[in-house]
Amino acid sequence: MSAALSFEQAPPLSVPHRFFLTGPLFGVAAGVLVALRGDEVVLSRWSMATFAAVHLVTVGFMLQVMCGALMQFLPVAAGANVWRPRLVAGVVHPSLTLGAVALTAGFLGAGADAMRAAVVLLGAGLTAFVAVTGLGLARSPAIGPTLLLLRSAVAALAVTAGLGVALAAIFAWGAALPLVQLVHLHAAWGLGGWALLLVIAVALLVVPMFQLTPPYPVRFSRGLGLAVAGALAAWTVGVVLDVAALDVVATSFGVGALGAFAVKTLHLQSKRRRKVLDTTVFAWRVGLGCLLVAGAALVALRLPLPALARARLEYLLGVALVAGAFPAMMAGMLYKIVGFIEWLHLQRVMAVPPTMQKVLPDARARWQWRVFTGAVLLLVGGALWPPLARLGGLGFAAACVILELHLISATRLYLRLSAAAALETPATP
Amino acid sequence: MTDLRLDARELLPPEPMQRVMAALPTLGPEDVLTLLLYREPFPLYAALEQRGFTWRTTLADDGTYTIEVRRR
Ligand code: HEM
């Protein structure tokens, strides 16, 4: 190739990979916890086992992977340069990892000290992360709707983390705060704000790019961002001022946004020009299907229901989002972007880098997707027959083990190839 | 002067970038290379900057970005 491609803005590979390699391990822990204590998880969203399982996935797995992906993709997707990525990753990665362990331990009875550690570690790590990515995004020259969504996602992360720290302070120091209201706000900003907005922002970029679908129309994308913002605003005011009528507004906007996003994405995928059957497409379908299930559960929860049915629906909502939608789309994305990032880096040092297919063959992704989908179906089935949830937990752990092994093997391939390339051309500038 | 048009909307990465890089040296002082994409190509901007090109980007309602590249 005459002109070597330039990706100077991309951080070194070790920056995203340390997050990617850590995340699935927390997924394994979450699955094992549900395998052991699935009965409590199905029984109530307010049990300590549920809180622990939720955060093993949201903070341990999702936040970890999303932070790594953002550090890699902000420069490429939004021209937003991340300040000293190596240093930031060196601070954020250990704080998130140890913070997730401490938070889980705190929920599982390790006492107030564990919660205090979680407050300090997660508070510091997320403050650093939000500051650096927020600054990069504030200066971004991008013109498209992705920027608005990325900015809102990072802002929602700041709110989520702030509310999470306040909640943890109740456990850690007995802070006199309204627990139930704070949980309602924190959960909505975390899942409906940070996670949903980020998935939408990433979808706008990667669905047309890797699956060769038509693009999302600009007005549609902006509308999604506004609807989510409207839902969060209505929900927050409704909870804080105790205005029941705003619940209808929040639910309509929220369910409308996630439903429109899911249906539009499925529709775009059905029109994709790349007819090769690609596992990412299946992974997105499972994720989007789970989003629709979550939307239905959110609506159903507004009906007058007996306590048992309500608890089961709450469990279904949690499983659809926390075990299904977000991990499905993230695993699908990991199989694509890890191959892509490695290609980006390898083509700087070797003439013919292995294709993305070679780094992470689709057959592997397919295998992981099958186990994962089976696990999600079992977990969903747990809403009807609770023993299935424990089996589902086991399956979820297995799917995360497989993902981890595949990521390790891709990383080893990269290390081997880049070491060999360095030997061949010792004088690379 | 010639106008080059590269519709890369249906190409998988990294092909769009490779094609632009191949086309750049053929661009005369008055020429315009028009690139169509469904995303804003920040890695390309960095490469253009380094090689002495300027660009102007617009976004259409359907989600198509048009990038017009010229020599500086
Ligand atoms: C950023 C990603 C996060 C997400 C998506 C998230 C999500 C959630 C959800 C959905 C709940 C409600 C669980 C249920 O109803 O069963 C919850 C509760 C909670 N979260 Fe988070 N969370 C996040 C981060 C954090 C952080 C950083 C902390 C602490 C520093 C934290 C501490 C808590 C606490 C203490 C509770 C409530 C426990 C209780 O009321 O007994 N969360 N979170």
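What you see is a predicted model, and the numbers here were worked out from it, not measured in a lab.

*Asks:* Teacher, can you tell me more about the overall build of chain A here?
*Replies:* The helix and strand inventory of chain A stands at 13 helices and zero strands. Put simply, chain A runs from its N terminus to its C terminus through helices and strands in the order α-α-α-α-α-α-α-α-α-α-α-α-α. Rg of the C-alpha trace for chain A: 21 Å, near the compact-globule value of 22 Å for 429 residues, within the 12% margin. Across the 429 residues that make up chain A, the buried fraction comes to 59%.

*Asks:* Would you mind going over the interface of chain A and chain B with me for this structure?
*Replies:* By a widely used convention, the size of an interface equals the accessible area lost when the partners come together. In this assembly, 34 residues from chain A lie in contact with 26 residues from chain B. Summing both partners gives a buried area of about 2,300 Å² for chain A against chain B, and 67% of it is carried by carbon and sulfur. Linking chain A to chain B there are two salt bridges. One salt bridge connects Arg219 of chain A with Asp61 of chain B, and the closest N-O pair in it is separated by 4.0 Å. For the pair chain A and chain B, the interface holds three residue pairs in polar contact (both at pLDDT 80 or more). Listed by contribution, the elements that provide at least two residues to the side of chain A that touches chain B are helix 2 (48-78), helix 6 (179-211), helix 7 (218-241) and helix 10 (307-349) of chain A. Residue composition of the side of chain A that touches chain B, by class: 25 nonpolar, five polar and four charged.

*Asks:* Sorry, what's going on with the sheet that holds strand 1 (residues 3-7) of chain B here?
*Replies:* Whether parallel or antiparallel, the strands of a sheet pair through hydrogen bonds between backbone atoms. Residue and element names in this part refer to chain B. Across the sheet, which stays open at both edges, the four strands sit in the order 1-2-4-3 with mixed pairing between neighbours. Sheet topology places strand 1 and strand 3 (53-59) at the edges, where each strand pairs with a single neighbour. Within the sheet, the average angular offset between the axes of one strand and its neighbour, ignoring direction, is 20°. Two strands pair when backbone bridges link them, and strand 3 and strand 4 (residues 65-71) are joined in this way by seven bridges, in the antiparallel orientation. If you follow Arg56 over to strand 4, its bridge partner there is Glu68.

*Asks:* When you look at the packing of helix 2 of chain A against helix 10 of chain A in this model, what are you seeing that I'm missing?
*Replies:* Helix-helix packing is characterised by the crossing angle of the two axes and by the distance between the axes. Residue and element names in this part refer to chain A. For the pair helix 2 and helix 10, interaxial distance at closest approach is 11 Å and the crossing angle is 30°. Accordingly, the angle class assigned to the pair helix 2 and helix 10 is roughly parallel. Crossing of helix 2 against helix 10: the hand is left-handed. Packed against helix 2, whose contacting residues are Val54, Val57, Thr58, Phe61, Met62, Val65, Met66, Ala69, Gln72 and Phe73, the element helix 10 presents Val322, Phe326, Pro327, Met330, Leu334, Ile337, Phe340, Ile341 and Leu344 at the interface. Its residues assigned to classes, the contact of helix 2 with helix 10 shows 17 nonpolar, two polar and no charged.

*Asks:* Please clarify how the packing of helix 2 of chain A against helix 4 (residues 112-138) of chain A should be interpreted in this entry.
*Replies:* Residues and elements named next belong to chain A. Put simply, helix 2 and helix 4 touch, their axes get as near as 11 Å, and they point 20° apart. The orientation of helix 2 relative to helix 4 falls into the category roughly parallel. Between helix 2 and helix 4 lies a crossing whose hand is left-handed. Every residue of helix 4 that contacts helix 2 at Val59, Leu63, Cys67, Leu70, Met71, Leu74 and Ala78 is listed here: Leu122, Leu126, Phe129, Thr133 and Leu137. Residue classes in the contact of helix 2 with helix 4 are distributed as 11 nonpolar, one polar and no charged.

*Asks:* Teacher, can you tell me more about the coordination of the iron atom of the ligand here?
*Replies:* Think of it this way: four donors in a tetrahedron around the metal ideally sit 109.5 degrees apart, and six in an octahedron ideally sit 90 or 180 degrees apart. All names here are of chain A. Only His55 (NE2) and His186 (NE2) from the protein reach the iron atom of the ligand as donors, at distances of 1.9 to 2.0 Å. Here the iron atom of the ligand binds six donor atoms, and the angle range of 83 to 179° at the metal identifies the geometry as octahedral. With His55 in helix 2 and His186 in helix 6, this pair connects stretches of sequence that are 131 residues apart.

*Asks:* Please explain the site of the ligand as it appears in this structure.
*Replies:* Residue and element names in this part refer to chain A. With respect to spatial proximity, 24 residues lie near the ligand, and among them Arg45, Phe51, His55, Phe171 and His186 are the closest. The backbone of Arg45 places a nitrogen or oxygen atom 2.6 Å from an oxygen atom of the ligand. Within the contact set of the ligand, a nitrogen atom lies 2.7 Å away from a side-chain nitrogen or oxygen of His55. Of all the secondary structure elements, the ones that give two or more residues to the shell around the ligand are helix 2, helix 3 (85-110), helix 5 (145-173) and helix 6.

*Asks:* Honestly, the pattern of salt bridges in this entry has me stumped. Any pointers?
*Replies:* Where charged atoms from two side chains of opposite charge approach closely, those side chains can pair. All names here are of chain B. For the coordinates displayed, the defined rule picks out 13 salt bridges over all chains. For Asp7, the salt bridge identified is with Arg9, shortest N-O distance 2.9 Å. Residue classification places Asp7 among the partly exposed positions, given a relative accessible area of 36%. We note a salt bridge from Arg70 to Glu68, for which the minimum N-O separation is 3.9 Å. The partly exposed category is assigned to Arg70, whose relative accessible area is 34%. Connected through salt bridges with shared partners, the residues Arg56, Glu68 and Arg70 form a single ionic network.

*Asks:* Mind showing me how you'd approach the pairing of strand 4 of chain B here?
*Replies:* Successive residues of a regular strand alternate their side chains across the two faces of the sheet. All names here are of chain B. Sheet topology places strand 2 (residues 32-37) next to strand 4; five bridges connect them, and they run antiparallel. Bridge pairing in strand 4 links Leu36 to Thr66. Following strand 3, the chain reverses through five residues before pairing antiparallel with strand 4; Gly63 in that reversal takes a positive phi of roughly 100°.

Definitions and limits used
Residues numbered from 1 in each chain as written. Chains lettered and ligands numbered in written order. Predicted model: local features only at pLDDT ≥ 70, side-chain atom pairs only at ≥ 80, totals over all residues. Heavy atoms only, no water. Helix = DSSP H or I, 4+ residues; strand = E, 2+ residues; numbered from the N terminus. Rg over C-alpha atoms; globule rule 2.2 N^0.38 Å. Buried < 20%, exposed > 50% of the residue type's maximum accessible area, 1.4 Å probe, protein only. Contact = heavy atoms within 4.5 Å. Buried area = accessible area lost by both parts, 1.4 Å probe. Salt bridge = Lys/Arg side-chain N within 4 Å of Asp/Glu carboxyl O. Polar contact = N/O pair within 3.5 Å; in protein donor to acceptor, adjacent residues only side chain to side chain. Nonpolar A, V, L, I, M, F, W, Y, C, P; charged D, E, K, R; others polar. Pairing = 2+ DSSP bridges. Axes fitted to C-alpha atoms, helices over the stretch in contact; angles between N-to-C directions. Parallel < 35°, antiparallel > 145°, perpendicular 65-115°, else oblique. Left-handed = near helix turned anticlockwise from the far one by under 90°. Donors = N, O, S within 2.8 Å, 3.2 Å for Na, K, Ca; no water. Tetrahedral: all angles 85-135°; square planar, octahedral: opposite > 155°, others 65-115°. Near = heavy atom within 4 Å.

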